[in-house]
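The lines below spell out each chain.
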Amino acid sequence: MTSGLLLLTTDGTAAHHLMHPRYEVPRTYWLRAHGRPPHEIAAALKARIMIEGRAVRITESRVRTVGKSVEIELTLAEGRNRIVRRLAEALELKVEWLHRVSYGPVRLGKLPEGKWRVLTPREIAAIGR
């Protein structure tokens, strides 16, 4: 039920910069869900949402109606375990699918499912910053 961008590296420093909360590396997800009206979801995403006693750091969000469901584009400045699914659960949403489209400076773009590519020199340099 989850797809999208996955980064693999043997560079411990890069992995640390990408994952450590101090660096607030943005991660963008698209998800389709149902369970609440779009205006309620949009308002809830603008409010402070707590999970395990800590606020989820949402930097951007967009909600749009698709049939009886909603599609949500969500950018977080953190990467706690299963945070998007737990956020949806906290909002009483049922997730239909979840797709990570970017992780820091790396964008999935039109890379087909199941395919891979090497990071560009620009992406590698951006991770180092």
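Residues numbered from 1 in each chain as written. Predicted model: local features only at pLDDT ≥ 70, side-chain atom pairs only at ≥ 80, totals over all residues. Heavy atoms only, no water.

Draft legend 1. Representation of the nonpolar core in the model. Among the nonpolar cores identified, the biggest contains 21 residues, and Leu 31, Leu 45, Ile 72, Leu 74 and Val 84 are the most heavily contacted of them. Of all the secondary structure elements, the ones that give two or more residues to this core are strand S2 (27-34), helix H2 (38-46), strand S6 (69-76), helix H3 (83-90) and strand S7 (94-103). Once residues within four sequence positions are removed from consideration, Ile 72 is found in contact with Tyr 29, Trp 30, Leu 31, Ile 41, Leu 45, Arg 62, Val 63 and Leu 93. Ranked by size, the runner-up nonpolar core spans eight residues in total, among them Ala 14, Leu 18, Val 25 and Val 106. (Core = buried A, V, L, I, M, F, W, Y, C linked by side-chain atoms within 4.5 Å. Buried < 20%, exposed > 50% of the residue type's maximum accessible area, 1.4 Å probe, protein only. Helix = DSSP H or I, 4+ residues; strand = E, 2+ residues; numbered from the N terminus. Contact = heavy atoms within 4.5 Å.)

Draft legend 2. Fine view of unusual backbone geometry. For Glu 52, which is not glycine, the phi dihedral falls at a positive 55°. By the secondary structure assignment, Glu 52 is in the loop between strand S3 (50-51) and strand S4 (54-55). One non-glycine residue, Arg 82, adopts positive backbone phi at about 55°. Secondary-structure assignment places Arg 82 in the loop between S6 and H3.

Draft legend 3. Quick peek at the environment of Thr 59. With respect to the element layout, Thr 59 can be found in strand S5 (residues 58-66). What makes Thr 59 partly exposed here is its relative accessible area of 47%. Taking the C-alpha atoms as reference, Thr 59 lies 5.6 Å from Thr 75; in sequence the two are 16 residues apart. Among all residues touching Thr 59, those that are not within four sequence positions of it are Thr 75, Leu 76 and Ala 77.

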